Amino acid sequence: MIRTVYLNGTYLPENEAKVSIFDRGFLFADGVYEVTSVLGGKLIDFQGHALRLARSLSELGMRNPIETADLLEVHRELVRVNDIDEGLIYLQITRGAAADRDFAYPSEDTLPTIVLFTQNKPGLADSPVAKVGIKVISIADQRWGRRDIKTVQLLYPSMGKMMAKAAGCDDAWMVEDGAVTEGTSNNAYIVKDGKIITRHLSNDILHGITRAAVLRFAREAQMEVEERAFTVAEAQNADEAFFTSASAFVMPVVELDGQAIGAGIPGPVAIRLREIYLDESRKIAI
Ligand code: PMP
């Protein structure tokens, strides 16, 4: 099926959507993105993604080409025309196409490029993978220092996923100065003696929208949360581990660098948080 996508104010078939070879997203990875999940045809945490998008743009001195209300309308329209019940909406904004390749930002009159497309993912919530958990390896975190900005500069995370695949695993947790920063495309957590531990917010990690929601739900359910860095050894000796992201929600992690975590099966805290997250998010989806 040919999707309908959104490009710079127009809805059009995916094979007709074209972007300039001079686009700075293409030449310099000078762009930011968001991924919002869709459950039951509704958007999960749209407001959180819109706010983070505005922050990413502002940190890079990039103009926001669209009002939040209009952005919501575009998301909804794409869900409608592409008939998405469960899936994802990808949004990317770049600094646009200048007349030539130049490291310096182009003048103010260069229009940003904005693209949105849907990804249909039936069964996203009822994931069979979440029932068995995933295996991760640890790798050095070799990304740049502003991981709090959600840029499209994703080559190292791609390399990390390939390293995991080569090791027979599903993903990689990145390590810097002896502590886990985050997963290649998710935030990392361990559980020890009933306490949920996840790295504190800083420029070292992406401020996950799912992370914020999960921690809020955990605290509301009287679960103890500690926001601090943890080591690989601590994770291997934890009772359980999991990660969060908009596309995987809460995903149990059952093995790290070949060592089983806890009983080597999804733990009760991760399972419960996944349920709470899905239930509560559906209730407030728009
Ligand atoms: N960290 C990184 C590096 C990511 O790429 C992502 C997902 N884009 C996350 C964390 C999770 O963020 P969110 O919950 O907003 O999807």
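As the structure is a computational prediction, the values presented were derived from the model and not from experiment. (Residues numbered from 1 in each chain as written. Predicted model: local features only at pLDDT ≥ 70, side-chain atom pairs only at ≥ 80, totals over all residues. Heavy atoms only, no water.)

In the vicinity of the ligand there are 18 residues, among which Arg52, Lys150, Glu182, Ile209 and Thr210 approach most closely. The contact in question runs from an oxygen atom of the ligand to an N or O atom on the backbone of Ile209, over 2.8 Å. Those elements that provide at least two residues to the shell around the ligand are helix H2 (46–59), strand E9 (179–183), helix H6 (209–220) and strand E13 (240–245). In terms of residue class, the shell around the ligand is built from four nonpolar, ten polar and four charged. Looking at which domains feed residues into the shell around the ligand, each of domain 1 (4–120) and domain 2 (129–284) supplies at least three. (Near = heavy atom within 4 Å. Polar contact = N/O pair within 3.5 Å; in protein donor to acceptor, adjacent residues only side chain to side chain. Helix = DSSP H or I, 4+ residues; strand = E, 2+ residues; numbered from the N terminus. Nonpolar A, V, L, I, M, F, W, Y, C, P; charged D, E, K, R; others polar. Domains from an automatic or database assignment.)

A surface patch of nonpolar side chains, amounting to about 340 Å² of accessible area, comprises Ile21, Phe22 and Phe26. Along the chain, Phe22 falls in the loop between strand E2 (10–13) and helix H1 (24–28). (Patch = residues over 30% accessible without salt bridge, like charges linked within 9 Å, V, L, I, M, F, W, Y side chains within 5 Å. Areas by Shrake-Rupley, 256 points an atom, 1.4 Å probe, with all protein chains shown as cover. Salt bridge = Lys/Arg side-chain N within 4 Å of Asp/Glu carboxyl O.)

For the rest of this paragraph, the subject is the environment of Arg24. Of note, Arg24 is situated in helix H1. As for Arg24 and Val38, which are separated by 14 residues in sequence, their C-alpha atoms are 29 Å apart. Filtering out sequence-adjacent residues up to four positions away, Arg24 remains in contact with Ala29, Asp30, Arg95, Gly96, Asp102, Phe103, Ala104, Tyr105 and Pro106. There is a polar contact of 3.2 Å between the side chain of Arg24 and the backbone oxygen of Phe103. (Contact = heavy atoms within 4.5 Å.)

This brings us to the domain arrangement of the protein. Note: interface size is frequently given as the accessible area lost on complex formation between the parts. Domain assignment breaks the protein into domain 1 (4–120) and domain 2 (129–284). With centres defined by C-alpha atoms, the gap from domain 1 to domain 2 works out at 26 Å. Residue-level contacts link 22 residues of domain 1 with 20 residues of domain 2. In total, domain 1 and domain 2 occlude about 1800 Å² of area from one another, counting both sides; carbon and sulfur atoms represent 63% of this. Looking only at domain 1, the three residues that lose the most surface to domain 2 are Tyr33, Leu39 and Arg52, adding up to 32% of its buried area. There are two salt bridges connecting domain 1 and domain 2. (Buried area = accessible area lost by both parts, 1.4 Å probe.)

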